[in-house]
Amino acid sequence: MESKSYVVAIDLGSSKVRIVVGEVCPEGVRVAALAERQCQGVKAGLVENSELVAQAVSEAKQEIRERIGVLVTEAYVGISGRFVRCASHKDYVFTNDKLSGVSQADVDHLFDRMRNVQAPDSETILERIAQNYIIDNNSEVSNPVGSFSSKLSATFNFILCEKTPMQRLDLALRRCGITIKGYFSNAQAVVESVLNSEDREEGAVVVNIGCDLTDIAIVHRNVLRYITTIPIAGSAINADIRTQSIADKYVEPLKCNYGSAVADMTPNTNIEIPSRTTRDKRRLPRHNLAVIIEARVRDIIDFVQQELQGAGYAKKINYLVLTGGTSMLKNIEQLFADVTGMEVRCGEPIEGIHPDSFDAVNYVDYATVMGLLLKGAKLGACATPIDEEWVRRNEAAQAALKAEQEREEQERKAAQERQLAEQARQKAEQIRRAEEELRRLRGEGVAVQTPKASEPPKVEEAVAVQPIQPEQPKVIQTPPTPQTPQPPKVEEPKGEEEQKQETNRAVEPENPRRRGFRSWLKKIGDELTKPVEDDDDTII
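This section reports on the structure supplied with the text. Keep in mind that this is a model prediction, so the values were computed, not measured.

## Overview of the packing of helix α8 (residues 286–311) against helix α9 (residues 332–340)
(1) Moving on: The interhelical angle for the contact between α8 and α9, taken along N-to-C directions, is 50 degrees, at an axis separation of 10 Å. One finds that α8 runs oblique with respect to α9. Here the hand of the crossing between α8 and α9 comes out right-handed. Of the residues in α9, those in contact with E294, V297, R298, I300, I301 and Q305 of α8 are I332, L335, F336, V339 and T340.
(2) Moving on: Class assignment for the residues of the contact of α8 with α9 results in seven nonpolar, two polar and two charged.

## A few points about the side chain of S80
(1) Moving on: Locating S80 in the fold gives a position in the loop between β6 (74–79) and β7 (84–94).
(2) Moving on: Only 2.7 Å separates the side chain of S80 from the side chain of D215, close enough to count as a polar contact.
(3) Moving on: Apart from residues lying up to four places away in sequence, S80 is in contact with A44, G45, N186, L213, D215 and T229.

## Examining the sheet that holds strand β12 (residues 204–209)
(1) Moving on: Pairing in this open sheet of five strands is mixed, and the strands run β14-β13-β12-β17-β18 from one edge to the other. Of all strands in the sheet, those bounded by a partner on one side alone are β14 (223–230) and β18 (343–346). Averaged over neighbouring strand pairs, the angle between their axes works out to 20 degrees when direction is ignored.
(2) Moving on: Where strand β17 (residues 319–323) lies against β18, four bridges are found, and the strand directions are parallel. Bridge assignment links L320 to a residue of β18, and that residue is V344.
(3) Moving on: Together, β12, β17 and β18 form the strand contacts of α9, whose direction differs from that of β18 by roughly 160 degrees.

## Thoughts on the sheet that holds strand β9 (residues 140–141)
(1) Moving on: Taken together, the four strands give an open sheet; going across it, the order is β7-β10-β8-β9, and neighbouring strands pair in antiparallel fashion. This sheet does not close on itself; its edge strands, each paired only once, are β7 and β9.
(2) Moving on: As defined by bridge partners, strand β8 (residues 123–134) adjoins β9 across two bridges and the pair is classed as antiparallel. Across the sheet, residue I134 finds its bridge partner in β9, namely E140.

## Structural notes on helix α1 (residues 50–68)
(1) Moving on: Over its 19 residues, α1 extends 27 Å from the first C-alpha to the last, a length consistent with the 27 Å expected when each residue adds 1.5 Å.
(2) Moving on: Within the sequence span of α1, burial applies to S50, V53, A54, A56, V57, A60, K61, E63, I64 and I68.
(3) Moving on: The backbone nitrogen of E51 has a side-chain oxygen 3.1 Å away, supplied by the residue at the start of α1, namely N49.
(4) Moving on: Backbone geometry just after α1 places G69 at a positive phi near 75 degrees.

## Describing the pairing of β6
(1) Moving on: In terms of burial, β6 is a largely internal element, five of the six residues being buried.
(2) Moving on: By the bridge criterion, six bridges tie β6 to strand β11 (residues 179–185) in an arrangement that is parallel. Across the sheet, the residue bridging to A75 is I180, located in β11.

## Regarding the pairing of strand β10 (residues 151–162)
Within a regular beta strand, the side chains point alternately toward one face of the sheet and then the other, so they alternate between its two faces.
(1) Moving on: In terms of burial, β10 is largely enclosed, as 10 of its 12 residues are buried.
(2) Moving on: Here β7 pairs with β10 via 11 bridges, running antiparallel. Its bridge partner lying in β10, R85 is registered against L160.
(3) Moving on: As paired strands, β8 and β10 are joined by 10 bridges and run antiparallel to one another.

Cut-offs used in this document
- Residue positions are given per chain, counting from 1 as you read along its sequence in written order.
- Only residues with pLDDT of at least 70 get local features here, since the model is predicted, and only at 80 or more are side-chain atom pairs given and counted; chain-wide, interface and lining totals rely on the full set of residues.
- Hydrogens and water molecules were not included; the side-chain quantities draw on all heavy atoms of the structure.
- Here an angle of 0 to 180 degrees is reported between the N-to-C directions of two axes, which are lines fitted to C-alpha atoms, with helices fitted over the stretch in contact.
- Under the scheme used here, helices are H or I runs from DSSP no shorter than 4 residues and strands are E runs no shorter than 2 residues, and both carry numbers assigned from the N terminus.
- Roughly parallel means an angle under 35 degrees; roughly antiparallel means over 145; roughly perpendicular covers 65 to 115; every other angle is labelled oblique.
- Each crossing gets its hand from how the near helix is turned against the far one by less than a right angle, where anticlockwise is left-handed and clockwise is right-handed.
- Only heavy atoms matter for contacts: two residues are in contact if any of them lie within 4.5 Å across the pair.
- Residue polarity is assigned by list, with Asp, Glu, Lys and Arg as charged and Ala, Val, Leu, Ile, Met, Phe, Trp, Tyr, Cys and Pro as nonpolar; anything else, Gly included, falls into the polar class.
- Pairs of N or O atoms within 3.5 Å make up the polar contacts considered here, provided that, within protein, one atom can donate a hydrogen while the other can accept it, and that residues adjacent in sequence are counted only when both atoms are side-chain atoms.
- In this description, strands pair whenever DSSP reports at least two bridges between them.
- In this scheme, a helix's expected span is set at 1.5 Å multiplied by one less than its residue total.
- Accessibility here uses a 1.4 Å probe with only protein chains present; expressed as a share of the type maximum, an area under 20% marks a residue as buried, one over 50% as exposed, and anything in between as partly exposed.

Have a look at this one:
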């Protein structure tokens, strides 16, 4: 069966299980698929019911298979709990050549000695991290190669985990057909996704507040200095809210939608909560809800400060990054800043991720699973064979989709042709009606101007144009001369043809346009024959 080069990471939390599949690109790790399911078989990081865990993981695995057509058979897995701790160990070696100084072979020799250090019988070493190197004059250096010294000392930080939780986790995943390729501490993995190079150099505290656990990681001078886990997180807040006689199904939505970590910044309005009877609803003041949340968050802050003090970094670091699902509480950054006096921000997974995947995973509750993916990408790809049946189904679906698109395109073209034909028919109908109207007007004797074929017809409004009257000369009125009477005019008898035309004119109604033209001619004649009255009788 063919296989693709994918990296797979699994984050098995107390409330959800997440599986992410990615591929390594020059711009970063690109997320190919991500699936999550509710999980009820884990308590404080320890698998308590392998059957429930296997069921949730199998559903997420099936979703990955349906999305990208690969079978998840290997994965990098994160682990967290009170059973994960760190311990330091010091060792030294003598350099081979005092005159040449410390060589890379001397450093490798020191690492080999650290690899021979054995963990207690009930624990397993997850990782060895060099903290510092010390040369002859007791000065600390970050890179000892090239330094003149006869002796090279180093302090290593060992991350240890008890064997029983790891065995339970391995058993639960084997039920799903998944082999664990490597284990990582969640506290260590989350650092990979939320801290940039400047944060690592200057120093930062990463507080990952989950459901049952809060992971703490301290980074300083580009080195992971300390990790620990405290057994108090979001579920403790939910338990306190539940003491107000609120049903379990309303606690989490109530906390996320109306909760606040600072009571003084919360309005004193009421929240209506469905009660056990449908007739009435309970009312809970938002301020009271904020008081409950703030008290428990302050407990978490106290634990964080104690761990910082015990690790010796309370005064060395002034920057804190919050992440995890509970860090989405309103005003939680403000409360951490007020109590600790540190600069605080919420950290989304952005480092080392391909830009195309930012929108899919840029959430604080994905910081752990993306950190596990980034750490796994440094070690190598997982076995992810391609599901041939899925490939066949996908090809058939693509072919059906292409055929459907072609059919829709043909239907669109046919509809467009029908629309053009209907427009042509309507235009022909308009032309036919216009011709009929033209013939009717001509039959009634109305003068109709036919537009030219190359020009659109123009609609002209009938405007009565007043002719310009010529200036009348002034004349001197003289008494009228007597006229001789004219003999009466004897009309000649009309012919038969003239009588017929006169009869037709009497029967046929007169055209309004002709009537208007005759009136205009008569008016012009009257104006021309009208005598001009002038008070001045002198001739100029």
